[in-house]
Amino acid sequence: MTNDNELNKLEESADIRHLLKEVRTMSNEENAQCTPPPFDSLMERIREKEAPQTIPFPPKKRTGISPWWLVAACLTGLCIGIAMPRPWEEETYPMLSSHLHKDTIDTSLGESLTQEGFPLHLIVSM
Amino acid sequence: MKGNNTDEQLMQLIGQGNQEAFHQLYERHARRLQGFFLRMLAYDEEKAKDFTQELFIKVYEQSPRFNEGKSLFTTWLYSMAYNLCKNEYRHQEVVEAYKAEHQLRDEPASSQGEGYLNTELMYKHLRRAIATLPAEQRTAFTLRYQEELPVKEIAHILQVPEGTIKSRLHYALLKVQEAMKPFK
């Protein structure tokens, strides 16, 4: 670490004194050429920065579709689905549908399904 | 308002919301600080302007908390200015950009003719000599010999012991002296 004397000695040498004089002159010239931004524009920026803190948040925009409309649409779809006739149930699986209409399912159901090639083993394995 | 208020008195008034005091402080220091930014940011004028504004916005915002650390206004101001530059250094290699942009022709001073000293060329060499110093030495050099701050204040700004600042200054001076030999 350099001690104080070494720096002082260096600063006092004629060469460095001349050099530092040039450095100061150059810096003063640079400072003189500087044109800081006008004070008004500075204050404007300060006001802009402060503005979000004082102005309340803008109200949230309402979404286009109300959730109640979605509920109504779902209910309508459900009603239509229930009301629609299902002819395929009668034609494709006459035996199955006849059994399902009953309150209880009898044992012959399994046999009839097996006869039709229904993958009953998959349901059992589940 | 009186024009002979000290910086510390003006800061107190700014803390109380006095805009005129802020105007006065800005007029007093803006040019000098812009010069500091100019030198620290590789002579990028636009950036120096932006940084000057940014600094004074900070001064305004932090004025109510000024002197909690009981420091001089200039120390406080230059500490903030230096921190802004430090953040910038982290993002961009400004010094390298400066070196690349300001590569001087390898023209010795003697070729200018006997007794002839081109001041502009000398300043160009001087800027280059300072810019090529290691960052720590360059900062100490700028604060001491261009901003003319005392070593004690510089030590406070850079948060290093005074001895370290003196050491950096010593080596910086030797390097600049060596670089400026052709202009003797």
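See the structure printed just above.
Parameters and conventions
Residues numbered from 1 in each chain as written. Chains lettered and ligands numbered in written order. Predicted model: local features only at pLDDT ≥ 70, side-chain atom pairs only at ≥ 80, totals over all residues. Heavy atoms only, no water. Helix = DSSP H or I, 4+ residues; strand = E, 2+ residues; numbered from the N terminus. Buried < 20%, exposed > 50% of the residue type's maximum accessible area, 1.4 Å probe, protein only. Contact = heavy atoms within 4.5 Å. Buried area = accessible area lost by both parts, 1.4 Å probe. Salt bridge = Lys/Arg side-chain N within 4 Å of Asp/Glu carboxyl O. Polar contact = N/O pair within 3.5 Å; in protein donor to acceptor, adjacent residues only side chain to side chain. Core = buried A, V, L, I, M, F, W, Y, C linked by side-chain atoms within 4.5 Å.

(A) Structural view of the overall build of chain B. Counting secondary structure elements, chain B contains nine helices and zero strands. Going through the 184 residues of chain B one by one, you find that 51% of them count as buried. Considering only residue pairs separated by 6 or more positions, chain B has 58% of its internal contacts joining residues 24 or more positions apart.

(B) Structural context of the interface of chain B and chain A. Each partner contributes to the interface: chain B provides 43 residues, whereas chain A provides 35 residues. Contact with chain A buries area across many residues of chain B, yet Arg31(B), Gln53(B) and Tyr123(B) alone supply 16% of it, more than any other trio. Taken together, chain B and chain A are joined by four salt bridges. Salt-bridge contacts for Glu30(A) lead to Arg127(B); the nearest nitrogen and oxygen are separated by 2.8 Å. Applying the counting criterion to the chain B and chain A interface returns 14 residue pairs in polar contact (both at pLDDT 80 or more). Of all the secondary-structure elements, those providing two or more residues to the side of chain B that touches chain A are α2 (19-40), α3 (45-62), α6 (119-131), α7 (135-146) and α9 (162-179) of chain B.

(C) Representation of the nonpolar core. Ranked by internal contacts, the top residues of the largest apolar core, which has 68 residues, are Phe22(B) and Phe37(B). Once residues within four sequence positions are removed from consideration, Phe22(B) is found in contact with Phe39(A), Leu42(A), Met43(A), Ile46(A), Ile14(B), Phe56(B), Val59(B) and Tyr60(B).

(D) Representation of the pattern of salt bridges within the structure. Tallied over the entire structure, the rule returns ten salt bridges over all chains. Between Arg39(B) and Glu30(A) there is a salt bridge whose closest N-O contact spans 2.8 Å. Here Arg39(B) is found in helix α2, whereas its partner Glu30(A) is found in helix α2 (residues 14-33) on a different chain. The two residues Arg39(B) and Glu30(A) agree in class, both being buried. A salt bridge links Arg32(B) to Glu147(B); the nearest nitrogen and oxygen atoms lie 3.8 Å apart. Of the two residues, Arg32(B) sits in helix α2 while Glu147(B) sits in the loop between α7 and α8 (151-158), which places them 115 residues apart along the sequence. The class for Arg32(B) is partly exposed, based on a relative accessible area of 28%. Within this structure, Glu30(A), Arg32(B), Arg39(B), Arg127(B) and Glu147(B) form a network of salt bridges that share partners.

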